[in-house]
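Chain by chain, the residues run as shown.
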Amino acid sequence: MKKSLFPAATLSALSLLFLLLKPEIALAGARDGLNLWAFVVLPTLLPFMLCSTAAAQSGGISLLTAPFSPLLEGVFGLSEAGSYTLLTGLLCGYPMGARTCARFRAQGLLSAPEAKVLLAVSNHPSPMFLLGYVMAGLDSLCPAALFLAAVYLPILPIAVLAAKIYRFSPSSAGSKRSPHPSEAPGFSFGRDFLDCLEAMEKIGGCILVFSILAAYIWNLSPLPPAANACLLGLTEITTGIHALKAELSGPLLAAAAAAASAFGGLSGVFQTQSVLTKNAGLSIRHYVLWKLIHAGLTGLILTAALLP
């Protein structure tokens, strides 16, 4: 017990020491994190989260997934709830895919194997974030279509590998349809809005903490600037992408930015953990391993495509 507590105690003491000696860095990092959450994440993610909850609670999943059902259900063997989870994760950004997956698993709409596969492949940066923030200034280095392909194409081999590991097959996909509106629990604005706000508070807390950590790395790390930029990319992607653009160039910059986006940073990992309900039976450790594989594949694709 003492061995397991010692690293945590040491880390806590060091964190407190840094806060006492360099409070101005913590303040700047906290301000950046709060601005990111309040002016970007909250107004972007909360409406998606609330509408997604309303669709699930009112039995509207089948209507939203109908145009994609021939591919997602017919070819890949996902249930309606699984198809909706994958679409939500692709379009809405971190950590909506994981949140939807955990909630549907807890409600019995996803089988255990399908939920585990979906957690591996349905939590990603949104196309809007990639095109509007990450790709800003990179147009001359990498076509947008190639950048998006490098981030999203690894979903296919990862899904195949995860399906084999977790023994997922169409026959184990659970219910093939979402509850009929008459069977759905019903959407309550007061209850579900508060539930979404609670999730946003957890996400905001993670962003705040890791923005402070990123500020300390940026200001105090003895590593070379390029190494610091890569470390920041693994810590918090918005700060990390900004640092990568400042310190790297050429194909290496495009590959590093894409890999950092695919991984989502440690901040994204803790945001994901905050929305995984305990009764869903999903592993954050497995999730981290899949994201590392995804980031590696993304970096390899862009490196191979851009290097002469």
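Along each chain, numbering runs from 1 in the same order as the chain's sequence is written. Residue-level local features of this predicted model are given only where pLDDT is at least 70; pairs of side-chain atoms are given and counted only at 80 or more, and the full residue set underlies all totals for whole chains, interfaces and linings. For the side-chain quantities, the full set of heavy atoms in the structure was used; hydrogens and water were omitted.

Novice: Break down the overall build of the protein for me, with residues and values.
Specialist: Looking only at helices and strands, one finds 16 helices and zero strands in the protein. Using a 1.4 Å probe on the protein chains alone, a residue whose accessible area is under 20% of its type maximum counts as buried, one over 50% counts as exposed, and one in between counts as partly exposed. For the protein, the proportion of its 308 residues judged to be buried stands at 47%. Contacts were defined at the residue level, with two residues in contact if any of their heavy atoms lie within 4.5 Å. Sequence-distant contacts in the protein: of pairs separated by 6 or more residues, those separated by 24 or more amount to 75%. Under the convention used here, a 1.4 Å probe and the Shrake-Rupley method define accessible areas, while residue burial counts only the protein chains that appear. As displayed, the protein has an accessible area near 14800 Å², and 71% of this comes from carbon and sulfur atoms. By definition, any uninterrupted DSSP run of H or I lasting at least four residues is a helix, any uninterrupted run of E lasting at least two residues is a strand, and each is numbered from the N terminus.

Novice: So what's going on with a nonpolar patch on the surface? Residues and values would help.
Specialist: A cluster of nonpolar side chains, namely Leu14, Leu16, Leu17, Leu19, Leu20 and Leu21, defines an oily patch on the protein surface of about 600 Å² accessible area. With respect to the element layout, Leu21 can be found in helix 1 (residues 2-21). For Leu21, a relative accessible area of 59% translates into the label exposed. Patch building starts from residues that exceed 30% relative accessible area and form no salt bridge, then joins like charges within 9 Å and nonpolar side chains (Val, Leu, Ile, Met, Phe, Trp, Tyr) within 5 Å. For this analysis, a salt bridge means a side-chain nitrogen from Lys or Arg found within 4 Å of a carboxyl oxygen belonging to Asp or Glu.

Novice: So, the confidence of the model for the protein: which residues are in play, and what are the values?
Specialist: Interpreting fine coordinate detail is not advised for predicted regions of low pLDDT. pLDDT is a per-residue confidence score from the predictor, ranging from 0 to 100. Within the protein, residue pLDDT values average 84, and 89% of them lie at 70 or more. The low-confidence segment residues 180-184, where pLDDT is below 50, has seven contacts with residues more than four positions distant or belonging to other chains.

Novice: Can you explain the nonpolar core? Please cite residues and give values.
Specialist: With 65 residues, the main nonpolar core has Phe147, Leu244, Leu282 and Leu302 as its most contacted residues. The element best represented in this core is helix 14 (residues 250-263), accounting for nine residues. Contact partners of Leu282, with chain neighbours within four places excluded, come to Cys101, Ala102, Ala115, Lys116, Leu119 and Leu276. In this description, a nonpolar core means a group of buried Ala, Val, Leu, Ile, Met, Phe, Trp, Tyr and Cys residues linked to one another through side-chain atoms lying within 4.5 Å. If you look at the next biggest cluster of nonpolar residues, it comprises 13 residues, including Val41, Leu45, Leu46 and Met96.

Novice: An account of the side chain of Arg99 is requested, with residue identities and associated values reported.
Specialist: Within the secondary structure layout, Arg99 lies in helix 6 (residues 96-106). Arg99 gets classed as buried once you look at its relative accessible area, which sits at 5%. With residues up to four places along the chain from it excluded, the contact list for Arg99 reads Met49, Thr53, Asp195, Cys196, Ala199 and Val275.

Novice: Talk me through the environment of Val275; I want residue IDs and the actual numbers.
Specialist: With respect to the helices and strands, the residue Val275 is situated in helix 15 (residues 265-275). Residue contacts for Val275: discarding those within four places in its chain leaves Pro95, Ala98, Arg99 and Ala102.

Novice: Now, about the environment of Leu63: what can you tell me, with residues and values included?
Specialist: For Leu63, the position within the fold is in helix 3 (residues 61-65). It is 9.8 Å that separates the C-alpha atoms of Leu63 and Glu80, two residues lying 17 residues apart in sequence.

Novice: Break down the packing of helix 12 (residues 225-235) against helix 13 (residues 237-247) for me, with residues and values.
Specialist: Contact pair helix 12 / helix 13: the axes reach a minimum separation of 7 Å and the direction vectors enclose 155 degrees. Taken together, the axes of helix 12 and helix 13 lie roughly antiparallel to each other. Between helix 12 and helix 13 the crossing geometry is left-handed. Packed against helix 12, whose contacting residues are Pro225, Ala226, Ala229, Cys230, Leu232, Gly233 and Thr235, the element helix 13 presents Ile237, Thr239, Gly240, Ala243, Leu244 and Glu247 at the interface. For this classification, Asp, Glu, Lys and Arg are treated as charged, while Ala, Val, Leu, Ile, Met, Phe, Trp, Tyr, Cys and Pro are nonpolar and the rest, including Gly, are polar. Across the contact of helix 12 with helix 13, the residue classes break down as eight nonpolar, four polar and one charged. Between N-to-C directions, angles cover 0 to 180 degrees, with each direction set by a line fitted to C-alpha atoms, over the stretch in contact for helices. For this classification, under 35 degrees means roughly parallel, over 145 means roughly antiparallel, 65 to 115 means roughly perpendicular, and everything else is oblique. What makes a crossing left-handed is the near helix being turned counterclockwise from the far one by less than a right angle; a clockwise turn instead makes it right-handed.

Novice: Please provide a residue-by-residue account of the side chain of Thr238, values included.
Specialist: Tracing the backbone shows Thr238 in helix 13. In contact with Thr238, not counting residues within four places along its chain, are Leu36, Phe129 and Tyr133.

Novice: Got a sec to walk through helix 12? Specific residues and values, please.
Specialist: Residues Asn228, Ala229, Leu232, Gly233 and Thr235 constitute the buried set of helix 12. Buried residues of helix 12, viewed axially, fall in a sector of 160 degrees; they line one side. Against the buried residues of helix 12 lie helix 11 (189-220), helix 13, helix 14 and helix 15. Think of the arc as the fan of directions from the helix axis to the C-beta atoms.

Novice: So, the packing of aromatic side chains: which residues are in play, and what are the values?
Specialist: Pairing of aromatic rings covers Phe, Tyr and the six-membered ring of Trp, with a centre-to-centre limit of 6.5 Å; geometry is then stacked below 30 degrees between planes, edge-to-face above 60, and tilted otherwise. One pass over the structure, following the stated rule, counts four aromatic pairs. Each ring, one from Phe129 and one from Tyr133, has its centre 5.5 Å from the other, and the planes form 25 degrees; the classification is stacked. Separated by four residues within a single helix, Phe129 and Tyr133 lie in helix 8 (residues 127-134), roughly one turn from each other. Assessed through its relative accessible area of 31%, Tyr133 is described here as partly exposed.

Novice: Tell me about the packing of helix 12 against helix 15, residues and numbers included.
Specialist: Closest axis-to-axis distance for the helix 12/helix 15 pair is 3 Å, and the angle between their directions is 10 degrees. When the axes of helix 12 and helix 15 are compared, the pair comes out roughly parallel. Between helix 12 and helix 15, the contacting residues are Gly233, Leu234 and Thr235 on the first element and Gly265, Leu266 and Ser267 on the second. Partitioning the contact of helix 12 with helix 15 into residue classes produces two nonpolar, four polar and no charged.

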